[in-house]
Amino acid sequence: MRIGRETSLLVLELRREGGRGVHIKMEGRGPEAQFELGATFDLPSFAPTDVDAAERLASAIADQPPGALLLALPREESVLRRLELPTIEPDELLAVARFRLLQEAHLDESGAAVDCLPIQTHEATTTAIVVGASGTIMQMGADVAIASGRKLAGVSLRVLGLPDLLDAPEGSPSLAIDLTRGPSLAIVVDGVVHRVGASGDDLEDVERETIRLVSAWRMTEEKPVDQIVVSGAIEMADHLVGRLRTALGLSVQHVVSPLDTELSVDVEHPTGTPWGLVGLGRAHLLSHDRIDLQHPRVPEDRAASLRRRGLLLAGVILVLFGWIWSSGNQEKMQLQAQINVVRAELAQQAKAEGEALREMFRHQHAVEWLSVSPDFVSELQAISEVVPDDGRAVMGSWRGFLVFDGVVFDPKASRKEKWTSPYQLRFVMTGEAQDREVADSIRAALVEGDRYRIETSGAEAAKGKRLPRAFTYELGRKSAP
């Protein structure tokens, strides 16, 4: 756990088109802590490569109350992934996570920042949430702190503050939605963000992204999403709550504010309090275990205990050698020296074998990862072939998604089946038909042969623009074993 000593923070969300900020003050500690929020304020637009960007942002916060800076990076300059890392060694975890994220997200290694939060350890792998950001935006954040004369307390993502909205049972997946400027969505389990989504400000975009996240989670995880929590302006939030209850049939509620957080006197947030930013500040002030790109987690110093044991062993050996020397037993001294040489050689051989095994696993993991290459063109062709070409139906749009959470290693499987790379394909097609019979025939053709699993995501009774009946189908298919 990283310790934050601040009691006052200025949390800034950096966005190219113009971000915002809020001041947070904490009184008390631990469960007795209370938080007071200042008024939200706007930040100017910027480009990460603009040499004057840091000065403009520093000028925008010059009249704000004192406090360290906590930055939330733009979506375009950061990436969040849930990865299966081929190691269970704490001192290797961050290095492996950095290598994987830089490789998959195509981040420039120069200056890039990466931090991870392990959420589950298996026999040979660790599941972790890994976040990274480009060196350009990290440097700009440091320049803002210097230009404003404030301490840079941490760097994270706004979406990672959404768990602060939730009070869910242990192990129960929940979906948190922050409707304030640039809506953010996150599926949270036990206070940790597992999957994120983003949409435009339009409520229909937020609704579609919510349905996509819930459906994708249901297709890949054992426990489905149990509840949805929405924050934002009251009118917008209540409208979205009603639409989501109808569309998904889940428990959906509007959260006004956490119980221990209140606005300062004479302060209003007319467009809704940015609880994602507030959540980041609360986690930092309470010293919760969290993602912080400014202060990545430090590997455990496992060598410390070995050094202490080595010093103790050296002391014992010195006493033993003194007794042997004083007794004049030269033969015993020579025998002990030979034993020490053999032990050192065995330790070196064991270390070399372990390194070779890790390199082999890394290579096999990379091969399996690169093998995941679905043929979306053939999938589109297979789906479009079921649409009649005699004018009784037309296909409007087609979208394909790859749901892939990484390579799986099963040490109990046979040699050829230890490494697998399961994935799922998800497609959304829209179209219009002459009548219900034609739409039903298209649906029947899609599920024939069990190639796809289908469920209707739109009302088939809706009117089309070209033909009387519009339809929308969601398709899902698992990878071949």
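Structure first, text after, so check above.
This structure is a prediction, so every number in the text was calculated from the model and none was measured. (Residues numbered from 1 in each chain as written. Predicted model: local features only at pLDDT ≥ 70, side-chain atom pairs only at ≥ 80, totals over all residues. Heavy atoms only, no water.)

Draft legend 1. Structural context of the sheet that holds strand 8 (residues 126-133). Taken in spatial order, the 3 strands line up as 6-8-7 in an open sheet, and their pairing is antiparallel. Only two strands of the sheet have a single neighbouring strand rather than two, namely strand 6 (78-85) and strand 7 (113-121). Ignoring strand direction, the axes of neighbouring strands in this sheet form an average angle of 20°. Note that strand 6 and strand 8 share 8 bridges and pair antiparallel. Considered in strand 8, the bridge of L80 is made with V131. Against the sheet, helix 2 (residues 90-105) contacts strand 6, strand 7 and strand 8, and its axis sits at roughly 120° relative to strand 6. (Pairing = 2+ DSSP bridges. Helix = DSSP H or I, 4+ residues; strand = E, 2+ residues; numbered from the N terminus. Axes fitted to C-alpha atoms, helices over the stretch in contact; angles between N-to-C directions. Contact = heavy atoms within 4.5 Å.)

Draft legend 2. The side chain of D115, seen in detail. Residue position: D115 is located in strand 7. Engagement of the side chain of D115 in a polar contact is seen with the backbone nitrogen of R297, the distance being 3.2 Å. (Polar contact = N/O pair within 3.5 Å; in protein donor to acceptor, adjacent residues only side chain to side chain.)

Draft legend 3. Quick peek at the nonpolar core. If you look at the biggest cluster of nonpolar residues, it comprises 58 residues, and the most contacted ones within it are L12, I24, L69, L73, M138, L160 and L293. Apart from the residues lying within four places of it in its own chain, the contact partners of L12 are R20, G21, F41, L43, I61, L69, L70, L71 and A72. Counting 24 residues, the second-largest nonpolar core is a separate cluster that includes F409, V438, I454 and L475. (Core = buried A, V, L, I, M, F, W, Y, C linked by side-chain atoms within 4.5 Å. Buried < 20%, exposed > 50% of the residue type's maximum accessible area, 1.4 Å probe, protein only.)

Draft legend 4. Quick peek at the packing of helix 1 (residues 53-60) against helix 3 (residues 135-148). Running from amino to carboxyl end, helix 1 crosses helix 3 at an angle of 50°, the nearest separation of the two axes being 8 Å. Classified by the interaxial angle, the pair formed by helix 1 and helix 3 is oblique. The handedness of the crossing between helix 1 and helix 3 comes out as right-handed. In this structure, helix 1 uses A53, A54, E55, L57 and A58 to contact helix 3, whose residues at the interface are M140, D143, V144, A147 and S148. Along the lines of polarity and charge, the residues of the contact of helix 1 with helix 3 split into 7 nonpolar, 1 polar and 2 charged. (Parallel < 35°, antiparallel > 145°, perpendicular 65-115°, else oblique. Left-handed = near helix turned anticlockwise from the far one by under 90°. Nonpolar A, V, L, I, M, F, W, Y, C, P; charged D, E, K, R; others polar.)

Draft legend 5. Summary view of the layout of surface pockets. Here the largest pocket defines a volume of roughly 1,200 Å³. What lines the largest pocket is a set of 42 residues, and nearest its centre among them are R82, E84, T220, E221 and D405. Of all elements in the fold, only strand 6, strand 7, strand 12 (192-198), helix 4 (203-220) and strand 17 (408-409) reach the threshold of two or more residues within the lining of the largest pocket. Of the residues forming the lining of the largest pocket, the biggest block, 4 residues, is contributed by strand 7. Looking at the lining of the largest pocket, its residues break down into 20 nonpolar, 12 polar and 10 charged. Looking at the lining of the second largest pocket, the elements with two or more residues in it are strand 6, helix 2, strand 12, helix 4, helix 8 (330-370) and strand 16 (393-403). Looking at the lining of the second largest pocket, the element that brings in the most residues is strand 6, giving 4 residues. Each residue belonging to the lining of the second largest pocket can be placed in one class, and the counts come to 12 nonpolar, 4 polar and 7 charged. (1 Å grid on protein atoms, 1.4 Å probe; cavity = no way out; pocket = protein on both sides within 12 Å on 5 of 7 lines; lining within 4 Å. Points joined across faces, edges and corners; volume = space filled by probe spheres on them.)

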